[in-house]
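Each chain is listed here by its residues.
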Amino acid sequence: MAGEGAAAWDLHVEALTQKRAGRDVIILSIGDPDFDTPPAITEEAVRLLRDGDTHYADILGLPRARAAVAAQHTRLTGQTIGPEQVAIMSGAQSGLFAAAMNILDQGDEALVLEPMYVTYEATIQASGAKLVRVPLKAANNFRLDLANLDAAITPKTRAIFFASPSNPTGVVLNRADLEGIAALAKKHDLWVVSDEVYSTIIFDGEHVSICGLDGMAERTVTINSLSKSHAMTGWRFGWLVGPEELIGHVGNLGLANMYGLPPFIQNASAAALESDIPQVEEMRVIYQRRRDMTMAALGQLPGIICRSPAAGMFMMADVRGTGMSGNDFAWALFRETGVATLDATAFGPSAEGHLRISFAIDEKNLSEACRRIAAFTRGLVGKVA
């Protein structure tokens, strides 16, 4: 269940341990927004708690929450849906797991664009299916090569999984990319599972949802949440959108493992979706400013190639020019400077030699972290030279 990438979190755990012990540590190894949840949402949850909104809720979600998600999904994706096509989940991760358990079976194959988020491996393999990696090359800035995806399809292929925008690369699939994937899915009668958690944090280009393309509604599962868009990672409010028959099966799974999300969380989250929360756009602007600041600080370092993300809260840095692997660089950087990054090999072999650097941290600490990374790298390259 752990998957091969699980060991990459050892450095993050060590960084947390040392930070709690009082060491001067700056953590750039996780994507937990440094912002607090917007006050209007928090106050609504407190009010609901005080009013006793603490009982069992519908397994697939309260009608209000499902309707709020359906309205937002329709508005953002162009796919018109009703509440009956929505399942409220305990975060996007539960949505991914439910999708895998309901559309995959023993002996199936699921294609995943790689680099991929670390939990995909265990999530898919828990269903009994085989995960088939479709590598996206660093030399092509981790863009989709449709021919490689096509070549990976076999008679056992059941589904294609991807995240757009991507974690870890920040790449956003464009309309042509998605139309190519859609054509393959229709040709081979495949499901598509589209993880769109970062869809509101886009800096360059636009977000296009594959579910809105012709002929894709009946074969697409769309996963999303409020975790990143509204700085609500700890609330665990996410959702799955798909055909109504699939949602019924998701409900059967929910009966066995979750039995409904707390109602005060659902109602407060529904209020967030029903309202204009100005902090959502404010956070996106701040993330973009941090992206630009990080690129300016690290983009010209010797031995490193920084890839500017089009979305999200992470940057990929290719450190192979220093003569070190991503894992060795990350640990050496941490031991010498106290800056914790993540060896991106956790996201698949196609990310080998890269670090994932988070900018979900205040700008003062981010600036200091960049200064330490730059000094470490210059010293390292100087020694090699």
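Now for a description of the structure that goes with this document.

A short note on the nonpolar core
Right, on to step 1. One finds Leu-28, Leu-104, Phe-161, Leu-240, Tyr-287 and Leu-298 to be the most contacted residues of the largest nonpolar core, which totals 70 residues.
Right, on to step 2. Here this core gets seven residues from one element, more than from any other, and that element is helix 12 (residues 363-384).
Right, on to step 3. Leu-149, Ile-160, Ile-181 and Leu-213 belong to the second-largest nonpolar core, a separate cluster that totals 34 residues.

With respect to helix 4 (residues 91-103)
Right, on to step 1. With 13 residues, helix 4 extends 19 Å from end C-alpha to end C-alpha; this agrees with the ideal 18 Å at 1.5 Å per step.
Right, on to step 2. Taken as a whole, helix 4 has its buried residues at Gly-91, Ala-92, Gly-95, Leu-96, Ala-98, Ala-99, Ala-100 and Ile-103.

Here's the deal with the pairing of strand 3 (residues 109-114)
Right, on to step 1. Among the six residues of strand 3, six are classified as buried, and the element is accordingly described as predominantly covered.
Right, on to step 2. What you see with strand 3 is no split at all: Glu-109, Leu-111 and Leu-113 on one side and Ala-110, Val-112 and Glu-114 on the other are buried throughout.
Right, on to step 3. As for the winding sense of the linkage, the β-α-β connection from strand 3 through helix 5 (residues 119-125) to strand 4 (residues 130-135) is right-handed.
Right, on to step 4. Note that strand 3 and strand 5 (residues 157-163) share four bridges and pair parallel. Paired with Leu-111 across the strands is Ile-160, a residue of strand 5.

Some details on the packing of helix 4 against helix 8 (residues 244-257)
Right, on to step 1. It is at 10 Å that the axes of helix 4 and helix 8 come closest, and there the two elements cross at 110°. The angle between the axes of helix 4 and helix 8 places the two elements in the roughly perpendicular class. Counting all contacts with helix 4, which are made through Ala-98, Met-101, Asn-102 and Ile-103, the residues of helix 8 involved are Leu-246, His-249, Val-250 and Leu-253.
Right, on to step 2. Of the residues assigned to the contact of helix 4 with helix 8, the class counts are six nonpolar, two polar and no charged.

Some thoughts on the environment of Thr-377
Right, on to step 1. Mapping Thr-377 onto the fold places it in helix 12.
Right, on to step 2. Placed 75 residues apart in sequence, Thr-377 and Pro-302 show a C-alpha to C-alpha distance of 7.4 Å.
Right, on to step 3. A distance of 2.8 Å separates a polar side-chain atom of Thr-377 from the backbone oxygen of Ile-373.

A few points about helix 10 (residues 278-298)
Right, on to step 1. In this model helix 10 runs 31 Å from its N-terminal to its C-terminal C-alpha over 21 residues, within 8% of the 30 Å that 1.5 Å per residue would give.
Right, on to step 2. Among all positions of helix 10, only Val-280, Met-283, Arg-284, Tyr-287, Arg-290, Arg-291, Thr-294, Met-295 and Leu-298 are buried. Each buried residue of helix 10 lies within a common arc of 135° when the element is viewed along its axis, so the set occupies one face.

Notes on the packing of aromatic side chains
Right, on to step 1. Within this structure, the stated rule accounts for seven aromatic pairs.
Right, on to step 2. When the centroid spacing of 5.2 Å and the interplanar angle of 90° are considered together, the rings of Phe-329 and Phe-376 count as edge-to-face. Here Phe-329 is found in helix 11 (residues 326-337), whereas its partner Phe-376 is found in helix 12, with 47 residues between them in sequence. Judged on exposure class, the residue Phe-329 and its partner Phe-376 are both buried.
Right, on to step 3. Its guanidinium or amino end placed over the ring of Phe-334, Arg-23 lies 5.0 Å from that ring's centre, counting from NZ or CZ.

Reading the values: rules and limits
Residues numbered from 1 in each chain as written. Predicted model: local features only at pLDDT ≥ 70, side-chain atom pairs only at ≥ 80, totals over all residues. Heavy atoms only, no water. Core = buried A, V, L, I, M, F, W, Y, C linked by side-chain atoms within 4.5 Å. Buried < 20%, exposed > 50% of the residue type's maximum accessible area, 1.4 Å probe, protein only. Helix = DSSP H or I, 4+ residues; strand = E, 2+ residues; numbered from the N terminus. Expected span 1.5 Å × (residues − 1). Right-handed = clockwise from strand over helix to strand, strands pointing away. Pairing = 2+ DSSP bridges. Axes fitted to C-alpha atoms, helices over the stretch in contact; angles between N-to-C directions. Parallel < 35°, antiparallel > 145°, perpendicular 65-115°, else oblique. Contact = heavy atoms within 4.5 Å. Nonpolar A, V, L, I, M, F, W, Y, C, P; charged D, E, K, R; others polar. Polar contact = N/O pair within 3.5 Å; in protein donor to acceptor, adjacent residues only side chain to side chain. Arc of directions from axis to C-beta. Phe/Tyr/Trp six-rings, centres within 6.5 Å; stacked < 30°, edge-to-face > 60°. Lys NZ or Arg CZ within 6 Å of the ring centre and 35° of its normal.

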